[in-house]
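Structural overview
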Amino acid sequence: MEKIWWKEAVGYQIYPRSFMDSNGDGVGDLNGIREKLPYLKELGVDFIWINPVYESPNVDNGYDISHYQEILAEFGTMADFDQLLVEAHQLGIKVIMDLVINHTSDQHEWFTEAKKSKENPYRDYYIWRDGTDGKPPSDWQAIFGGSVWTYEETTDQYYFHAFAKEQPDLNWENHQLKQDVFAMISWWLDKGIDGFRIDAISHIKKDAFHLPADLENIAARYQNITGIGDYLKELKQVFDSYDIMTVGEASGVTAEEAEDWAGHDGYFDMIFEFEHIGLWKKQQDKQFDIRSFKQALSRWQYALDGKGWNALYMENHDVPRSVSVFGCDGEYREISAKALAMMYFFLQGTPFIYQGQELGMTNMKFSSIDQIDALDSKHIYQELLNQGKSEKEALTVISQTTRDNARTPMQWDASTYGGFSESEPWLVVNPNTQQINAAEQLEQPDSVLHFYQQLIRLRKESQALVYGHFEELLSEDEQLYVYLRSAEEEQILVLVNLSSESADYQLPKAIKQLDKEWQLLLSNLPKAASQLEMTGTLAPFEARAYRFKGK
Ligand code: GLC
Ligand code: CA
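Remember, predicted model here, so these are calculated numbers, not experimental data.

1. A few points about the overall build of the protein
When you go through the protein residue by residue, the secondary structure sums to 17 helices and 20 strands. Its C-alpha radius of gyration of 24 Å places the protein within 12% of the 24 Å reference for a compact globule of 551 residues. Dimensions of the protein, computed from C-alpha atoms along their principal axes, come out at roughly 75 × 55 × 50 Å. Residues classed as buried in the protein amount to 60% of the 551 residues present. Per element, the accessible surface of the protein, about 21,900 Å² overall, is 45% carbon and sulfur. Separation between the mean location of the 50 positive side-chain charges and that of the 88 negative ones in the protein comes to 4 Å.

Printed below as a string of structure tokens:
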């Protein structure tokens, strides 16, 4: 297999607003990231992906960009950015930026121009339609609630938006728009950044507007629509002249299409799929369904094994904390955080760690809707009240599902504002920063943080973990996720109990017949059998990896 830097790399996602505030205004910033580069270096990551830091009115926290080539003042200046890039590179850390090109802010000059008249040169940069009988052109619903159409009086037409009404979608059918977008991309790449995470990219093509809404999946009419590949190939041409990595956010893309999107010659180097995580959920599932979770992950592993590359993740800025959802944020917090970590880290692909995940940070128990910032959550809260739910019931749902769970400030230490800021942060700090924080975990050899550090180190040293094939074992098991990673002279067997009950296992004979000595590589308990046993029991959330060297 061809060796490529981003295949051997581990990434770390930074949500700048919540990572580190360097000037005491309660909002994280670029200099805050710069201050914490040594922490990231020690953790061992190879690149950071920074969520949008561009000029924005912040209706959707930076995902509504009003100027692509300016830094939002709250985050710092372009000089601060350049300095961050230099210092990161000095430490051997690459920098990936967020690229939001499905939509802009309604404050972007293209849109303020486009609104003015039907003849304006920027008019066709966006998607405009006449209404029918005083109603929107179609009944499609937006991802953040309400219609995808918003009426604009001046020209008596509606414009299209997949997300909030302040985020008008760009018209990818317009040639000039694409040229402007591509020029902007090259401008950033010429600066020397190392790649992009491409936001909401599966939405850039829409279906025929006369079609009725799909009630099962509200985004179905404007998500991964046939023909989108033509746009994506043009985009790929821009990327191809640079040695960078690209990771597309690809909701609605299935494993059957994996190769088109993330194959050796796919639109992107890798994509974030959503099958194992479930995005924009409005209700928390009663119980975590281990079988379908395993199936989703394995489906993507097989789909790209030898054919492309996966992006591996358990958290990001849009979903609740993984220990709270898939693990346990009570008694088993530490061990389940480690189990989930090993489970996804040793799959084939490039692992991404979301800030705080390496500490086992948990969901927040929000005590009032006033503590919530995310616009989609406020929308859903209102919908729940309209459906007759009490404030308390609605808040319980929001508390479990809101993406603000991932956005509470990073927990650096046990102080009032978690060491994130000197003054009250823009979003509440989780009070459990007193128990869960980086300062303390740096001191403890068996902390979740040190476990991540070990995972990163082991992955770096192992051919099998980076380039090896994937094979799932015991796929019918309802508690355990068991898989093999095999390279020419090394095999790794990973056994993870994803449940809070102990689990017996019996390995298939095929393993036994190999008759090799498997040595313990890593475990999340102080004691585990140092050699692999063909039958045995794993404690709740126990995780072990065994290795043998040789053919
Ligand atoms: C992506 C981002 C999310 C944002 C949305 C609209 O899904 O991850 O945070 O709200 O796109 O840009
Ligand atoms: Ca600040």
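2. Here we look at the sheet that holds strand β8 (residues 157-160)
If you walk across this open sheet you meet the 3 strands as β6-β8-β7, and the pairing is antiparallel. Each edge of the sheet is formed by a strand with only one pairing partner; in this case those strands are β6 (128-129) and β7 (149-152).

3. Looking at the coordination of the calcium ion (ligand 2)
At 2.2 to 2.3 Å from the calcium ion (ligand 2) lie its protein donor atoms, namely Asp21 (OD), Asn23 (OD1), Asp25 (OD), Val27 (O) and Asp29 (OD). When the donors of the calcium ion (ligand 2) are listed by position in the chain, the intervening gaps give D-x1-N-x1-D-x1-V-x1-D.

4. Regarding the site of ligand 1
Lining the immediate surroundings of ligand 1 are 14 residues, of which Asp60, Asp199, Glu249, His317 and Asp318 lie closest. Arginine 403 is positioned such that a nitrogen or oxygen atom in its side chain is 3.0 Å from an oxygen atom of ligand 1. Protein contact buries 99% of the 310 Å² of open area that ligand 1 shows by itself. Grouping the amino acids of the shell around ligand 1 by side-chain chemistry returns 4 nonpolar, 3 polar and 7 charged.

5. Quick word on the pattern of salt bridges
For the structure on display, the rule yields 24 salt bridges. A salt bridge links lysine 236 to aspartate 265, with the shortest nitrogen-to-oxygen separation between them at 3.5 Å. With lysine 236 in helix α7 (residues 228-240) and aspartate 265 in the loop between α8 (258-262) and β11 (270-272), this residue pair connects regions lying 29 residues apart in the sequence. The exposure class assigned to lysine 236 is buried, which follows from its relative accessible area of 15%.

6. Some details on the environment of aspartate 265
A relative accessible area of 64% means that aspartate 265 is categorised as exposed. Taking the C-alpha atoms as reference, aspartate 265 lies 22 Å from lysine 178; in sequence the two are 87 residues apart.

7. Description of the packing of helix α6 (residues 175-190) against α7
Orientation of α6 relative to α7, taken along the N-to-C sense of each, is 30 degrees, at an axis distance of 10 Å. Considering their axes alone, α6 and α7 lie roughly parallel with respect to each other. Considering how the two elements wind past one another, α6 and α7 form a crossing that is right-handed. Note on element contacts: α7 touches α6 through Tyr231, Glu234, Leu235, Val238 and Phe239, opposite Lys178, Phe182, Ile185, Ser186 and Leu189. Broken down by class, the residue content of the contact of α6 with α7 amounts to 7 nonpolar, 1 polar and 2 charged.

8. A short note on α6
For α6, built from 16 residues, the straight-helix expectation of 22 Å at 1.5 Å per residue is met to within 8% by its first-to-last C-alpha distance of 22 Å. Residues of α6 that are buried include every one of Leu177, Lys178, Val181, Phe182, Met184, Ile185, Trp188 and Leu189, and no others. Angularly, the buried residues of α6 cover 155 degrees about the axis, an arc narrow enough to put them on a single face. Facing away from the buried surface of α6 by more than 90 degrees, the exposed residues are His175 and Asp190. Where α6 begins, one side-chain oxygen reaches toward the backbone nitrogen of glutamine 176, 2.9 Å away; that side chain belongs to asparagine 174. Glycine 192, located one to two residues past α6, shows a positive phi value of around 105 degrees.

9. Structural notes on the packing of aromatic side chains
As enumerated under the stated definition, the model contains 44 aromatic pairs in all. When the ring of tryptophan 172 is compared with that of tyrosine 231, the centres are 6.0 Å apart and the planes differ by 40 degrees; the resulting orientation is tilted. Of this pair, tryptophan 172 sits in the loop between β8 and α6 while tyrosine 231 sits in helix α7; the two residues are 59 residues apart in sequence, bridging distant segments of the chain. Comparing tryptophan 172 with tyrosine 231 shows no difference in burial state: the two are buried. Taking the ring centre of tryptophan 5 as reference, the NZ or CZ of lysine 94 above it sits at 4.8 Å.

10. Thoughts on the domain arrangement of the protein
Assigned domains of the protein: these are domain 1 (5-102 + 175-366 + 402-453), domain 2 (109-160) and domain 3 (466-549). Of note, the centres of domain 1 and domain 3, computed from C-alpha atoms alone, are 29 Å apart. Domain 1 puts 28 residues into the contact, and the matching count from domain 3 is 33 residues. Here domain 1 meets domain 3 over a buried area of about 2,600 Å², counting both sides, of which 65% is carbon and sulfur. If you look at where domain 1 meets domain 3, you find 2 salt bridges. With a shortest N-O distance of 3.9 Å, glutamate 478 and arginine 291 are connected by a salt bridge. If you list the elements that add at least two residues to the side of domain 1 that touches domain 3, you get α1 (5-8), α9 (290-304) and α11 (333-345). The leading source of residues in the side of domain 1 that touches domain 3 is α9, at 8 residues. Within the side of domain 1 that touches domain 3, the residues separate by chemical class into 17 nonpolar, 5 polar and 6 charged.

Parameters and conventions
- Within every chain, residues take consecutive numbers counted from 1 along the sequence as written.
- Ligands are numbered from 1 and chains lettered from A, in the order in which they are written.
- The model is predicted, so local features are restricted to residues of pLDDT at least 70 and side-chain atom pairs to those at 80 or more, both for listing and for counting; the totals for chains, interfaces and linings are taken over all residues.
- Derived side-chain values reflect all non-hydrogen atoms in the structure, with water molecules and hydrogen atoms excluded from consideration.
- Each helix is a run of DSSP H or I of at least 4 residues and each strand a run of E of at least 2, with the numbering of both proceeding from the N terminus.
- Radius of gyration here uses only the C-alpha atoms, and the compact-globule reference equals 2.2 Å multiplied by the residue count raised to the power 0.38.
- Each residue is assigned to one of three classes by its accessible area relative to the maximum for its type, calculated with a 1.4 Å probe on protein chains only: buried under 20%, partly exposed between the two thresholds, exposed over 50%.
- Every accessible area reported is derived by Shrake-Rupley at a probe size of 1.4 Å, with residue values counting cover from the shown protein chains alone.
- We count Lys and Arg on the positive side and Asp and Glu on the negative side, and we leave His and both chain ends out.
- A single reference atom marks each charge: NZ on Lys, CZ on Arg, CG on Asp, CD on Glu.
- Being paired, for any two strands, means DSSP has found at least two bridges between them.
- Only nitrogen, oxygen and sulfur atoms within 2.8 Å of the metal, or 3.2 Å for Na, K and Ca, are treated as donors, and water is left out, so sites may look incomplete.
- Nearness here has a simple test: a residue counts as near a molecule or strand if at least one of its heavy atoms is within 4 Å of that partner.
- N or O atoms closer than or at 3.5 Å make up a polar contact, with two conditions inside protein: a donor-capable atom paired with an acceptor-capable one, and, for residues adjacent in sequence, both atoms drawn from side chains.
- Side-chain classes are defined by residue name, with Ala, Val, Leu, Ile, Met, Phe, Trp, Tyr, Cys and Pro counting as nonpolar, Asp, Glu, Lys and Arg as charged, and the others, Gly among them, as polar.
- A side-chain nitrogen of Lys or Arg and a carboxyl oxygen of Asp or Glu constitute a salt bridge if their distance falls within 4 Å.
- A fitted line through C-alpha atoms serves as each axis, taken over the contacting stretch for helices, and the angle formed by two N-to-C directions is quoted from 0 to 180°.
- Oblique is the label for every angle not falling under 35 degrees (roughly parallel), over 145 degrees (roughly antiparallel), or within 65 to 115 degrees (roughly perpendicular).
- Less than a right angle of anticlockwise turn of the near helix away from the far helix marks a crossing as left-handed, whereas a clockwise turn marks it as right-handed.
- Residues count as neighbours in contact if any of their non-hydrogen atoms are within 4.5 Å of one another.
- Any helix carries an expected span of 1.5 Å times its number of residues minus one.
- This arc is built from the directions going out from the helix axis to the C-beta atoms.
- Aromatic pairs are defined between Phe, Tyr and Trp rings, using the six-membered ring for Trp, whenever the two ring centres lie within 6.5 Å; interplanar angles under 30 degrees are classed as stacked, those over 60 as edge-to-face, and all others as tilted.
- Criterion for a charge above a ring: Arg CZ or Lys NZ at most 6 Å from the ring centre, at most 35 degrees from the ring normal.
- The domain limits used here are those given by an automatic or database domain assignment.
- What gets called buried area is simply the loss in accessible area from a 1.4 Å probe that two parts show on being joined, summed for both.

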